[in-house]
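Structural features, examined
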Amino acid sequence: MLIYSFLEAYDWDGKTLVPFCTSGGSGFGRSLDKLPDSAPGAAILEGLHVSGSRVDGASEEVAA
Ligand SMILES: Cc1cc2nc3c(=O)[nH]c(=O)nc-3n(C[C@H](O)[C@H](O)[C@H](O)COP(=O)(O)O)c2cc1C
């Protein structure tokens with residue numbers, strides 16, 4: 001909810017959003033489904049999920 005509240009506090013028209021998260025393995029789940037409603041006008045890219053156990057070696061993946 002805090003992410004949705006953050007998004008709803010700003011104007012995203014013409015902006016590009018790249019979602020990212022860490023998790024134990026669940027990934028984004030359904031959390032991306034409502035992003036367009038909270039950030040109207042934004043282009044929302046595929047984004048990146050990194051498992052918590054792989055964070056230490058993920059810098060190249062994040063940079064890419
Ligand atoms: C209370 C709590 C419950 C969590 N439950 C899950 C879960 O059910 N599934 C999952 O994929 N990640 C879950 N996570 C997230 C991962 O444990 C965590 O994001 C991941 O290991 C990366 O750690 P970091 O967010 O501290 O970088 C939970 C985290 C917390 C604090």
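All residue numbers refer to position in the chain's written sequence, counted from 1. Per-residue local features are limited, in this predicted model, to residues with pLDDT of at least 70; the limit for side-chain atom pairs, both in listing and counting, is 80 or more; totals at the level of whole chains, interfaces and linings are taken over all residues.

1. What about the overall build of the chain?
For clarity, the threshold we go by: Secondary structure elements are taken from DSSP: a helix is a run of H or I of four residues or more, a strand is a run of E of two residues or more, and numbering for both begins at the N terminus. Labels follow a simple rule on C-beta atoms placed from the backbone: if 20 or more others lie within 10 Å of a residue's own, it is buried; if 12 or fewer, it is exposed; otherwise it is partly exposed. Here, residue contact means that the backbone-derived C-beta atoms of the two residues sit within 7 Å.
Helix and strand counts for the chain come out as 3 helices and 4 strands. Taken from N to C terminus, the helices and strands of the chain fall in the order α-β-β-α-β-β-α. Taken across its 64 residues, the chain has 2% of its residues classed as buried. Within the chain, counting contacts between residues at least 6 apart in sequence, those at least 24 apart form 70% of the total.

2. So, the site of the ligand
Spelled out, the test is: In this entry, near means the residue's backbone-placed C-beta atom lies within 6 Å of the molecule or strand. Gly is placed with the polar residues, together with every amino acid not listed as nonpolar (Ala, Val, Leu, Ile, Met, Phe, Trp, Tyr, Cys and Pro) or charged (Asp, Glu, Lys and Arg).
Looking at the ligand, the residues that line it are Thr22, Ser23, Gly24, Gly25, Ser26, Gly52 and Val55. When its residues are assigned to classes, the shell around the ligand shows 1 nonpolar, 6 polar and no charged.

3. A look at the environment of Pro40
Its location among the elements puts Pro40 in the loop between helix 2 (35–38) and strand 3 (43–44). For the pair Pro40 and Ala63, spaced 23 residues apart in the sequence, the C-alpha separation amounts to 26 Å.

4. Points about the confidence of the model for the chain
Here is the rule: Per-residue confidence from the prediction method is given by pLDDT, with values spanning 0 to 100.
Per-chain confidence: the chain averages 94 in pLDDT, with 100% of residues scoring 70 or above. When the elements of the chain are averaged for pLDDT, helix 3 (residues 59–63) gives the smallest value, 93, and strand 3 the largest, 97.

5. Topic: the environment of Ser23
Secondary-structure assignment places Ser23 in strand 2 (residues 20–23). Non-local contacts of Ser23, meaning those with residues more than four positions away in its chain, are made with His49, Ser51 and Gly52.

6. Details of the environment of Asp37
Its place among the elements puts Asp37 in helix 2. Asp37 sits in the exposed class, given 10 other C-beta atoms within 10 Å. Between the C-alpha atoms of Asp37 and Tyr4, which are 33 residues apart in sequence, the distance is 9.0 Å.

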